[in-house]
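# Analysis of the macromolecular model
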Amino acid sequence: MSAVVAQTLHVFGLRSHVANNIFYFDEQIIIFPSGNHCVKYNVDQKWQKFIPGSEKSQGMLALSISPNRRYLAISETVQEKPAITIYELSSIPCRKRKVLNNFDFQVQKFISMAFSPDSKYLLAQTSPPESNLVYWLWEKQKVMAIVRIDTQNNPVYQVSFSPQDNTQVCVTGNGMFKLLRFAEGTLKQTNFQRGEPQNYLAHTWVADDKIVVGTDTGKLFLFESGDQRWETSIMVKEPTDGSKSLDVIQESESLIEFPPVSSPLPSYEQMVAASSHSQMSMPQVFAIAAYSKGFACSAGPGRVLLFEKMEEKDFYRESREIRIPVDPQSNDPSQSDKQDVLCLCFSPSEETLVASTSKNQLYSITMSLTEISKGEPAHFEYLMYPLHSAPITGLATCIRKPFIATCSLDRSIRLWNYETNTLELFKEYQEEAYSISLHPSGHFIVVGFADKLRLMNLLIDDIRSFKEYSVRGCGECSFSNGGHLFAAVNGNVIHVYTTTSLENISSLKGHTGKILREISAFDVTYTAIVISHSGRMMFVGTSVGTIRAMKYPLPLQKEFNEYQAHAGPITKMLLTFDDQFLLTAAEDGCLFTWKVFDKDGRGIKREREVGFAEEVLVTKTDMEEKAQVMLELKTRVEELKMENEYQLRLKDMNYSEKIKELTDKFIQEMESLKTKNQVLRTEKEKQDVYHHEHIEDLLDKQSRELQEMECCNNQKLLLEYEKYQELQLKSQRMQEEYEKQLRDNDETKSQALEELTEFYEAKLQEKTTLLEEAQEDVRQQLREFEETKKQIEEDEDREIQDIKTKYEKKLRDEKESNLRLKGETGIMRKKFSSLQKEIEERTNDIETLKGEQMKLQGVIKSLEKDIQGLKREIQERDETIQDKEKRIYDLKKKNQELGKFKFVLDYKIKELKKQIEPRENEIRVMKEQIQEMEAELENFHKQNTQLELNITELWQKLRATDQEMRRERQKERDLEALVKRFKTDLHNCVAYIQEPRLLKEKVRGLFEKYVQRADMVEIAGLNTDLQQEYARQREHLERNLATLKKKVVKEGELHRTDYVRIMQAVQRA
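Residues numbered from 1 in each chain as written. Predicted model: local features only at pLDDT ≥ 70, side-chain atom pairs only at ≥ 80, totals over all residues. Heavy atoms only, no water.

### Brief notes about the overall build of the protein chain
Summing up its helical and strand segments, the protein chain has six helices and 49 strands in all. Here the C-alpha radius of gyration of the protein chain, 51 Å, is well above what a compact globule of 1069 residues would show, namely 31 Å. The principal-axis extents of the C-alpha atoms in the protein chain amount to approximately 185 × 125 × 115 Å. If you take every contact in the protein chain between residues at least 6 apart in sequence, the share linking residues at least 24 apart comes to 50%. A total accessible area of about 70,300 Å² is found for the protein chain, and carbon and sulfur atoms account for 53% of it. (Helix = DSSP H or I, 4+ residues; strand = E, 2+ residues; numbered from the N terminus. Rg over C-alpha atoms; globule rule 2.2 N^0.38 Å. Contact = heavy atoms within 4.5 Å. Areas by Shrake-Rupley, 256 points an atom, 1.4 Å probe, with all protein chains shown as cover.)

Set out below in structure tokens:
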């Protein structure tokens, strides 16, 4: 094996098109995909740890973290086959727990995944055309259920579990929102879509049965148990410009062709493709994340909205707006806030919100800042630093500083520090940059742009060009080892320039070197290569994104270490000047730094320990401006000091006056309090004397009661002692009787034992024979039992899981009810204490009410007299009621007589109805005749309209022939004018008949002038024939028109007569 070992140190980059591409491991550590790795990044301590992709992996497609933060699932494609790898995050380093790669169903790739609330089950969605949803018991690699979600090849964007229920699942996609439940080994849909199907891009669970869903038209829906409960539309506050975004670069503009970055995720590219051009102005909701107060969602380019739950209702209202800030380093600052937010994630404590965008950027914001910014939108900050959003085309390092310079197709130049792992400088330009080189001092760079080659200064806070060369599309450029020269490639020519006079000193053409040796690449294509400065090792980058570390000179056998690095072909590789670090860049827009070791794990020794330079370049104008600003600020500070001192004096004067007033007030209050205190002391002394006397009385009472109790208890004890002695004598007698009985029982027991032993020995022999037969039967039954046991175990596993889920649900409900009851008991205690206070108050109230009661009794006596008078009135009214009841009885008799009349009338009505029925049949027949006549009328109207159309067509043909006539007449006039001109020119030529040379020139001129129009002269002769043909056709059309008019008049008269006849028939009917 190779003696060279490389270890990943740090990565600058993000793969934003991986589904669910960012989440928190704990409060400080986030996980995101970069290259072909998953990165654990500590936000506070700034370190990175790596989870590499599978061997021969072609890129990650989707991620998912378990709710308990113990497991990470990665969907990837390994050797053209899909695979899901589950890592245990708690172990250091993270180890593989399970690999799911053997499937009994057709699958191309897994595009979305989710863990169940207890982390035992895994849900995975496959891509179209299969579109299968798979429900796994992943520890046993067992498929519990599989169902096809869509049959029309619509993309599915997200799947998820209910946060409290393992059996409930949600799936969203283009035209689909489905809730499914796992029961009896299958996934069954529990909801039915109503209304028009939407393109549902993202969803999140906000409660056990409530889901918020976002669409590509900026709509948010709240579903409860599958039924829509709430809907809102996100409004666009600022109209989007028609300007291009930086990541949309046309191939025609690029001089170097790069293949498109392989983005396996359908979520962003298919989402954008699925939405129509009219919807591009609508804010598309690509991401939703729930938190305790509500949820956050992306609301169009560069915009995130926070929604909070309303207290009284189950609805949500928009509470805050968060925007991506404008980048001042960009050539078009407005483009920075036009990137789509693809993923959102809250920290476990909900203190920070992290977002990833379509331009491979990571942003964060503390939630407390959003509460401070009232009215105005809050702004995100970079989580780390701005990253490349397109393939990296150039890579360079220097000797005197720990800098890495990169350029990319995103039209930016970035300067990284590989010691501190930070971004030093960053600037965007109008053109694409294809190559870059750093001066050994670290103060200058050469960059090959699409239009020019530029030599630039690296200032303290800017990158400024000071010389330009007309070298278009420079694919490679480099400084010499000493830095006094630099070379640039233009096509097949290498131009060499000096850095002192900045002139071109030579141009190199052709290549005469010979190939010394050729080694197999072993099923891959090598895209980049670098040899160490010591000449002992070599690193090779491949088209699949891996790195191979080899000895140099190259061995004959397959001896190299291969490492997973990038998710695309590697474009550039470099070693630092001391061979300590390896740098790799690729088309996935990521930059990796690697530590280089030998086979024993030792770092490569430096030849000479060199400290890095700390000097920076600053222009004289910048220094002068800063000095001027400093002077202005100093004068401003002095002025502010003077103002502050004056204001402080004024405030001291005011405060001293206020203090005097307050001291006077306090002295007066203290004196009044002293007098109050003396009064209270005297009252307290009186109460002490009263309490002392009261306590003495109580003690006397207590002593008397104690003496009385002692006398009573002594008498009771004597009586109980006498009872105890009697019972003891009884127990002795009983014991003697039981001993006699025991002796008799022992004798009878020995005789019975002998008889039983003889009897059972005989039986034993019989049973042994039976046992042998039974054992054979048992063996056969055991075999059958083992077979049935296997079947039962499988059935029981399923039943156990169902029962588990049921009882887990019950447990949660019981816990919740327990907590609720605890809260209620606390409330009851408080109520009890408050009620005790109320009882005391009520007792006081009762005493006051007793006094009032005495007063009310007198009032009651007077009222009783009134009641007796009222009773007399009631008796009189009862008599009047009896009279009225007699009248009602009479009226009821009359009502019965009227009922008899009604029966007679009903019978007569039935007879009349029988007479009406034949009349109704006749009316029905007449109506049918009328309908038939109306149908005939409609046919006549249709014929009329058809004839009118024919007439309009003929009129159009007439107009067309008129226009042709006018054109022909114009042509004739043009030709006559041409002939006249030719005659005059010919007459002029005759004047030169004596001079052949001039005559020849004039004739040639006539030829050049009129020979092109010869065809027009020929056409003039045909005019007479055309006119005759035109006249003939016109006569023919006029005759046709006259006949058609006559037909229309006749048919109109016929229609009128038919209509009159029909109407007369209707009237007769």
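### Some words on empty space enclosed by the protein
Counted under the stated rule, the structure contains two cavities of 30 Å³ or more. Its volume calculated, the second largest cavity comes out at about 60 Å³. Considering the residues around the second largest cavity, the lining is formed by Ile519, Ser520, Phe522, Tyr526, Met550, Leu554, Pro555, Gln557, Glu559 and Phe560. Taken together, the residues of the lining of the second largest cavity sort by class into seven nonpolar, two polar and one charged. (1 Å grid on protein atoms, 1.4 Å probe; cavity = no way out; pocket = protein on both sides within 12 Å on 5 of 7 lines; lining within 4 Å. Points joined across faces, edges and corners; volume = space filled by probe spheres on them. Nonpolar A, V, L, I, M, F, W, Y, C, P; charged D, E, K, R; others polar.)

### A short note on the sheet that holds strand S4 (residues 37-42)
Pairing in this open sheet of four strands is antiparallel, and the strands run S2-S3-S4-S5 from one edge to the other. Each of the sheet's edge strands pairs with one partner strand only, and the pair in question is strand S2 (23-24) and strand S5 (48-52). Pairing geometry for S2 and strand S3 (residues 29-34), over two bridges, is antiparallel. Residue pairing for S3: Phe23 is matched across the bridge by Ile31. (Pairing = 2+ DSSP bridges.)

### What to know about the confidence of the model for the protein chain
Mean pLDDT over the protein chain: 83, with 91% of residues reaching 70 or higher. Note that residues 239-267 has pLDDT below 50 and, in this model, 52 contacts with residues that lie over four places away or in other chains. Taken as a whole, residues 273-280 scores under 50 in pLDDT and shows 10 contacts with residues more than four places along the chain or in a different chain. (pLDDT = per-residue confidence, 0-100.)

### Regarding the pairing of strand S19 (residues 210-215)
Side chains on a regular strand alternate between the two faces of the sheet. Burial within S19 is extensive, with six of its six residues counted as buried. Burial along S19 is two-sided: Lys210, Val212 and Gly214 and Ile211, Val213 and Thr215, pointing in opposite directions, are all buried. Looking at chain direction, S19 and strand S20 (residues 219-224) are connected through five bridges and run antiparallel. Paired with Gly214 across the bridge in S20 is Leu220. Two successive antiparallel strands, S19 and S20, enclose a turn made up of three residues, where Gly218 displays a positive phi of approximately 80 degrees. (Buried < 20%, exposed > 50% of the residue type's maximum accessible area, 1.4 Å probe, protein only.)

### A closer look at the packing of helix H3 (residues 620-990) against helix H4 (residues 996-1010)
Put simply, H3 and H4 touch, their axes get as near as 10 Å, and they point 170 degrees apart. Classed by the angle they form, the pair H3 and H4 counts as roughly antiparallel. Listed contacts from H4 to Leu978, Arg981, Phe982, Asp985, Leu986 and Cys989 of H3 are Leu999, Lys1002, Val1003, Leu1006, Lys1009 and Tyr1010. For the contact of H3 with H4, the class distribution of residues is eight nonpolar, no polar and four charged. (Axes fitted to C-alpha atoms, helices over the stretch in contact; angles between N-to-C directions. Parallel < 35°, antiparallel > 145°, perpendicular 65-115°, else oblique.)

### So, the pairing of strand S44 (residues 537-542)
Counting buried residues along S44, six of its six residues qualify, which places the element largely inside the surrounding structure. The alternating pattern of S44 places Met537, Phe539 and Gly541 on one face and Met538, Val540 and Thr542 on the opposite face, and all of these are buried. Strand direction decides the pairing type here: strand S43 (residues 526-531) and S44, joined by five bridges, are antiparallel. Bridge assignment links Ala528 to a residue of S44, and that residue is Gly541. Taking the residues that link successive antiparallel strands as the turn, the S43-S44 hairpin has five residues, and the phi of Gly535 there is positive, at about 75 degrees. Hairpin connection, S44 to strand S45 (residues 546-551): the antiparallel pair is bridged by three residues, and Gly545 has positive phi, about 90 degrees.

### Describing the nonpolar core
If you look at the biggest cluster of nonpolar residues, it comprises 63 residues, and the most contacted ones within it are Phe539 and Leu582. No other element matches strand S48 (residues 581-586), which puts five residues into this core. Residues contacting Phe539, with those up to four places away along its chain left out, are Val4, Ala6, Ala528, Ile529, Val530, Ile547, Arg548, Ala549, Met573, Leu575, Leu582 and Val596. Leu123, Ala145, Met176 and Leu180 belong to the second largest nonpolar core, which has 19 residues in total. (Core = buried A, V, L, I, M, F, W, Y, C linked by side-chain atoms within 4.5 Å.)

### Some words on the packing of aromatic side chains
This model, assessed by the stated rule, comprises 35 aromatic pairs. Aromatic side chains Phe177 and Tyr200 sit 6.0 Å apart centroid to centroid with 55 degrees between the ring planes, which places their arrangement in the tilted category. Here Phe177, found in strand S16 (residues 176-183), pairs with Tyr200, found in strand S18 (residues 200-205); they are 23 residues apart in sequence, far enough to count as distant. For the residue pair Phe177 and Tyr200, the accessibility class agrees, reading buried in each case. Through successive ring pairs, a cluster of aromatic residues spans Phe50, Tyr563, Phe592 and Trp594. The ring of Phe581 is capped by Lys595, whose NZ or CZ atom sits 4.9 Å from the centre of that ring. (Phe/Tyr/Trp six-rings, centres within 6.5 Å; stacked < 30°, edge-to-face > 60°. Lys NZ or Arg CZ within 6 Å of the ring centre and 35° of its normal.)

### Focus: the state of the cysteines
Taken as a whole and assessed by the stated rule, the structure comprises zero disulfides. This cysteine, Cys38, is not joined by any disulfide, and Cys94 carries the nearest cysteine sulfur, 9.5 Å off. Free cysteine Cys590: the closest other cysteine sulfur is in Cys38, separated by 12 Å. Residue class for Cys590 comes out buried when judged on its relative accessible area of 0%. (Disulfide = S-S within 2.5 Å.)

### Considerations on the sheet that holds strand S42 (residues 504-509)
The antiparallel open sheet is built from four strands, whose spatial order is S39-S40-S41-S42. The open sheet has two edge strands with one neighbour each: strand S39 (477-479) and S42. Direction aside, the axes of adjacent strands within the sheet are offset by 20 degrees on average.

### Comments concerning H3
The first and last C-alpha atoms of H3 sit only 84 Å apart over 371 residues, clearly below the 555 Å expected at 1.5 Å per residue. A bend of about 25 degrees at Ile916 is the largest found in H3, and the proline Pro918 appears one to four places after it. (Expected span 1.5 Å × (residues − 1). Bend = angle between axes of the 7 residues up to and from the residue.)

### Thoughts on the side chain of Thr406
Summarising the element assignment, Thr406 is placed in strand S32 (residues 403-408). Within the local environment of Thr406, its side chain forms a polar contact with the side chain of His388, the two groups lying 2.8 Å apart. Setting aside chain neighbours within four positions, we find Thr406 in contact with His388, Ile392, Gly394, Leu395, Ser412, Ile413, Arg414, Trp416, Ile436 and Leu591. (Polar contact = N/O pair within 3.5 Å; in protein donor to acceptor, adjacent residues only side chain to side chain.)

### Description of a nonpolar patch on the surface
Nonpolar side chains collect at one region of the surface, where Leu856, Val859, Ile860, Leu863 and Ile867 lie side by side and expose about 430 Å² of accessible area between them. Structurally, Leu863 can be placed in helix H3. (Patch = residues over 30% accessible without salt bridge, like charges linked within 9 Å, V, L, I, M, F, W, Y side chains within 5 Å. Salt bridge = Lys/Arg side-chain N within 4 Å of Asp/Glu carboxyl O.)

### Some details on the pattern of salt bridges
In this structure the tally under the stated criterion is 24 salt bridges. Put simply, Arg181 and Asp165 hold a salt bridge, and the shortest N to O gap is 2.9 Å. One end of the pair, Arg181, is in strand S16; the other, Asp165, is in the loop between strand S14 (156-161) and strand S15 (168-173), and 16 residues separate them in sequence. Residue classification places Asp165 among the buried positions, given a relative accessible area of 7%. Among the ionic contacts, a cluster of salt bridges with common partners joins Arg70, Glu88, Arg95, Arg97 and Glu139.

### Description of unusual backbone geometry
Leaving glycine out, the prevailing phi sign among residues is negative, and the prevailing peptide bond configuration is trans. Residue Pro93 is bonded to the preceding Ile92 through a cis peptide linkage, with omega at -5 degrees. Here Pro93 lies in the loop between strand S8 (81-88) and strand S9 (95-100). Residue Pro129 is reached from Pro128 by a cis peptide bond, and omega for that bond is 5 degrees. Within the secondary structure layout, Pro129 lies in the loop between strand S11 (121-126) and strand S12 (132-137). Positive phi values are uncommon outside glycine, yet Arg69 reaches one of about 65 degrees. The residue Leu502 is not glycine, and still its phi comes out positive at about 60 degrees. Inspection of the secondary structure puts Leu502 in the loop between strand S41 (493-498) and S42.

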